[in-house]
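# Notes for the structure review
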Amino acid sequence: MAGKLDRLTRRRLLQGGAVLAGGAALGSAGRLVGQDGSLIDDFGGKQAPSGKAEPSRLISRPVVISSANGLKAIETAMRMLKEGKDPLDSVIAAVNIVEDDPNDHSVGLGGLPNEDGVVELDASVMHGPTHKAGAVASLRNIKNPSCVARLVMKRTDHVLLVGEGALRFARAHGFKEENLLTEDSRKKWLKWKESLSKDDDWLEEEETPKGAGGKEAVPFTWGTINCLGINEKGDIGGVTTTSGLSWKIPGRVGDSPIIGAGLYVDNEVGAAGSTGRGEANLQNCSSFLIVELMRTGLSPAQACMETMRRIAQHTEKRLRDEKGVPDYELSLYAISKYGAFGGATMRGGGKMAVMDKDGARLVELPSLYPAKEKRGA
Ligand code: GLY
């Protein structure tokens with residue numbers, strides 16, 4: 001099966017001429033070369049002829065990566081992977097720490113609410129060894145949507161439950177309901193609401209000038225946590241969980257609970273996930289595309305950058321700045337079967353959390369475009 005994969009990849013490369021859709025090319029020595037001229041082999045991204053990870057080519061396993069807000073949490077996932085726990089259970093345990101943290105406003109308890117001031121959560125999980133997935137969207141009152149998503153995967157014949165149905169399913173499985181809106185996130189929402197228009201009847205308590213514009217005064221944010229883990233054997237688990245776009249239209253669902261957009265795992269190739277503007281990922285099936293690009297031989301970093309380039313190409317004019325550069329946050333993360341990892345961000349300044357044999361740390365993400373200049377700078 002895996003040998004077949006490798007032959008398929010080779011045939012596609014030859015049929016497509018010397019240049020891959022991903023921008024990688026076959027170098028003069030017939031080796032696969034990335035856009036930056038680096039040999040793909042150097043990143044460990046290429047499929048082994050046997051399709052099985054070859055020990056000599058392994059970069060390091062186990063490995064856990066996440067968005068930067070998972071820096072502390074990935075230690076939990078790594079400990080569990082080393083204890084031989086299931087890779088999906090390990091990454092879910094990690095993101096539960098962030099979902100439970102009222103001070104992280106991107107997810108779970110204390111997540112920023114929709115335009116009515118109600119917190120609605122989205123999450124998806126995917127288990128490499130079985131290729132099974134589960135997800136929930138627009139889930140209210142339950143702080144760990146990733147755990148509900150795992151139960152959708154394990155205890156139903158479905159992949160995605162939404163809204164009232166997801167809540168009833170969670171209740172049936174004994175999840176505790178609570179108000180997820182903390183005082184801090186309520187105040188942030190109120191400030192956004194009060195600064196929206198100078199013509200409405202909402203008056204502000206403090207410094208934001210009336211009608212300064214919600215977008216300027218209290219920006220929209222897309223905070224999320226994505227976490228991907230691979231154990232020593234090469235089995236992969238992935239999870240993405242979020243409160244979604246702040247101040248969203250009630251019922252809006254982002255990329256996080258959509259398999260192939262905010263998360264995708266293929267145990268033979270690797271896994272990918274994302275944080276940031278969900279609509280951009282939904283329109284480009286980003287996580288699936290990253291994994292498929294890795295299947296053709298690109299490294300995780302190269303696959304993420306190529307996907308980012310496609311997203312940028314497809315970005316409509318109203319979402320670009322005066323220089324024509326996409327003007328939103330977006331970060332992509334990926335790991336390969338070999339334990340290689342990488343990511344990309346639309347604009348500079350992004351980081352990802354990594355834990356491998358060298359410990360837990362933040363790593364700078366390569367960006368497609370430079371960071372936005374600060375106004376007045
Ligand atoms: N990526 C999170 C969202 O757009 O909802």
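Since this is a predicted model, take the numbers as computed values, not measurements. (Residues numbered from 1 in each chain as written. Predicted model: local features only at pLDDT ≥ 70, side-chain atom pairs only at ≥ 80, totals over all residues. Heavy atoms only, no water.)

## Details of the overall build of the protein
Stated formally: Put simply, DSSP H or I for four residues or longer makes a helix, DSSP E for two residues or longer makes a strand, and each gets a number counted from the N terminus. Remark: exposure states derive from per-residue accessible area (1.4 Å probe, protein chains only) relative to the maximum for the residue type, with buried under 20%, exposed over 50%, and partly exposed in between. For this analysis, residues touch if any pair of their heavy atoms sits within 4.5 Å.
Looking only at helices and strands, the protein features 11 helices and 15 strands. When each of the 377 residues of the protein is scored for burial, the buried share is 55%. Considering only residue pairs separated by 6 or more positions, the protein has 61% of its internal contacts joining residues 24 or more positions apart.

## Thoughts on the pattern of salt bridges
Which entries qualify depends on this criterion: What makes a salt bridge here is a side-chain nitrogen of Lys or Arg within 4 Å of a carboxyl oxygen of Asp or Glu, nothing more.
In total, this model carries 19 salt bridges according to the counting rule given. As a salt-bridge pair, Asp-235 and Lys-233 come within 3.4 Å of each other at their nearest N and O atoms. Here Asp-235 falls in the buried class, since its relative accessible area comes to 15%. Here the salt bridges do not stand alone but share partners, grouping Arg-79, Glu-83 and Lys-85 into one network.

## Side note on the pairing of strand S9 (residues 263–266)
Convention followed: Any two strands with at least two DSSP-identified bridges between them are counted as paired.
Burial of S9 is two-sided: the residues Leu-263 and Val-265 facing one way and the residues Tyr-264 and Asp-266 facing the other way are all buried. Relative to strand S10 (residues 270–276), S9 is paired through 4 bridges, and the arrangement is antiparallel. Bridge pairing in S10 links Tyr-264 to Ala-272. Linking S9 to S10, which pair antiparallel, is a turn of 3 residues.

## A word on the nonpolar core
As a reminder, the rule being used: Buried Ala, Val, Leu, Ile, Met, Phe, Trp, Tyr and Cys residues that are joined via side-chain atoms within 4.5 Å together make up what is termed a nonpolar core.
Membership of the largest hydrophobic core comes to 40 residues, with the highest contact counts inside it found for Ile-65, Ile-290 and Tyr-328. Among the elements that take part in this core, helix H11 (residues 300–313) stands out by supplying 6 residues, more than any other. Setting aside its immediate chain neighbours within four residues, Ile-65 contacts Ile-74, Asn-226, Cys-227, Leu-228, Tyr-333, Ala-334, Ile-335, Phe-341, Met-352, Ala-353 and Val-354.

## Comments concerning the sheet that holds strand S12 (residues 341–347)
Which entries qualify depends on this criterion: Angular values range over 0 to 180 degrees, each being the angle between N-to-C directions of two axes fitted as lines to C-alpha atoms, with helices fitted over their stretch in contact.
Reading across the sheet, the 5 strands line up as S9-S10-S11-S12-S15 and stay open at both edges, with mixed pairing between neighbours. Both outer strands of the open sheet, S9 and strand S15 (367–369), are each paired with one neighbouring strand and no more. Across this sheet, the average inter-strand angle for adjacent strands is 15 degrees, counted without regard to direction. Across the face of the sheet, helix H10 (residues 286–295) comes into contact with S9, S10 and strand S11 (330–336) while running at roughly 145 degrees to S10. Where H11 meets the sheet, its contacts fall on S11, S12 and S15, and the angle it forms with S12 comes to roughly 25 degrees.

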